[in-house]
Amino acid sequence: MGGKMLSVYPKAYFDKIEKITIEFIQKNHLKALILDMDNTLINYKKEMPENIEKWAKDLKGQGTKLYILSNTNKKTKVKNIAEKLEIPYRSFAVKPLKSGFLKVQKELGYKPEQIGVVGDQIFTDIVGGNRCNMFTILIDAIDDKDFWYTLWKRPLEKMLKKKFREKGL
């Protein structure tokens, strides 16, 4: 590629986070998942569906490291979810900038291609993960209700998701 283009394409796309199975993780040689929080792990009301807790516990039990990387500046909100899942976290990540992803990568001690980036937003999670050469996994948002700063991006994301489905992602 010439002048490095920002890639909006995820390596995989699922409608729910729980569809990311241990088989999928092993098949793609992943050792860790960097997880977005808002609308990926919790809904607008800060509630985490029970199945997500079980999913996280199962993956951790099979040796997959999990790490929350959130753009929120509400540290206690992230801390509460991270403690509930018993995993490390980093808030105020300023995704899609690389710095947050690279700090987590350094802490995990894995190569970029061994780390999956899971999130519901193309322009933060997927673009950021792709910029760091990580394995990006897009999921549909848990909730239709969104924060004002996310709402404007959703129509464009819907269009892109339709393209991903057509390409069989």
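Everything below is about the structure printed above this text.
Conventions adopted
- Residues numbered from 1 in each chain as written.
- Predicted model: local features only at pLDDT ≥ 70, side-chain atom pairs only at ≥ 80, totals over all residues.
- Heavy atoms only, no water.
- Buried < 20%, exposed > 50% of the residue type's maximum accessible area, 1.4 Å probe, protein only.
- Helix = DSSP H or I, 4+ residues; strand = E, 2+ residues; numbered from the N terminus.
- Pairing = 2+ DSSP bridges.
- Right-handed = clockwise from strand over helix to strand, strands pointing away.
- Contact = heavy atoms within 4.5 Å.
- Axes fitted to C-alpha atoms, helices over the stretch in contact; angles between N-to-C directions.

(A) Inspection of the pairing of strand E3 (residues 65–69) at higher detail. Among the five residues in E3, four count as buried, and that is most of the element. Sheet analysis places strand E2 (residues 32–35) next to E3, joined by four bridges and oriented parallel. In the strand pairing of E3, Leu35 is matched with Ile68. What joins E2 to E3 is helix H2 (residues 50–61), and the crossover it makes is right-handed. With two bridges joining them, E3 and strand E4 (residues 89–90) adopt parallel strand pairing. Directly across from Ile68, in E4, lies its bridge partner Tyr89.

(B) Structural detail: the sheet that holds strand E6 (residues 135–139). Here six strands make up an open sheet; going across it, the order is E1-E6-E5-E2-E3-E4 and the pairing parallel. Taken across any chain shown, the strands that pair with only one partner, and hence form the sheet edges, are strand E1 (12–14) and E4. Across four bridges, strand E5 (residues 115–119) lies against E6 in parallel orientation. Bridge pairing in E6 links Val118 to Ile137. The strands touched by helix H4 (residues 98–108) are E2, E3, E4 and E5; relative to E3, the strand with the most contacts, the crossing angle is about 155°.

(C) Expanded view of unusual backbone geometry. Lys95 connects to Pro96 through a cis peptide bond whose omega is 15°. Tracing the sequence through the fold places Pro96 in the loop between E4 and H4. In the Ramachandran plot, Phe92 falls in the positive-phi region, its phi being about 50° despite a non-glycine side chain. Looking at the element boundaries, Phe92 is found in the loop between E4 and H4. The residue Asn133 is not glycine, and still its phi comes out positive at about 60°. Following the sequence through the fold, Asn133 ends up in the loop between helix H5 (122–131) and E6. For Asn133, a relative accessible area of 48% translates into the label partly exposed.

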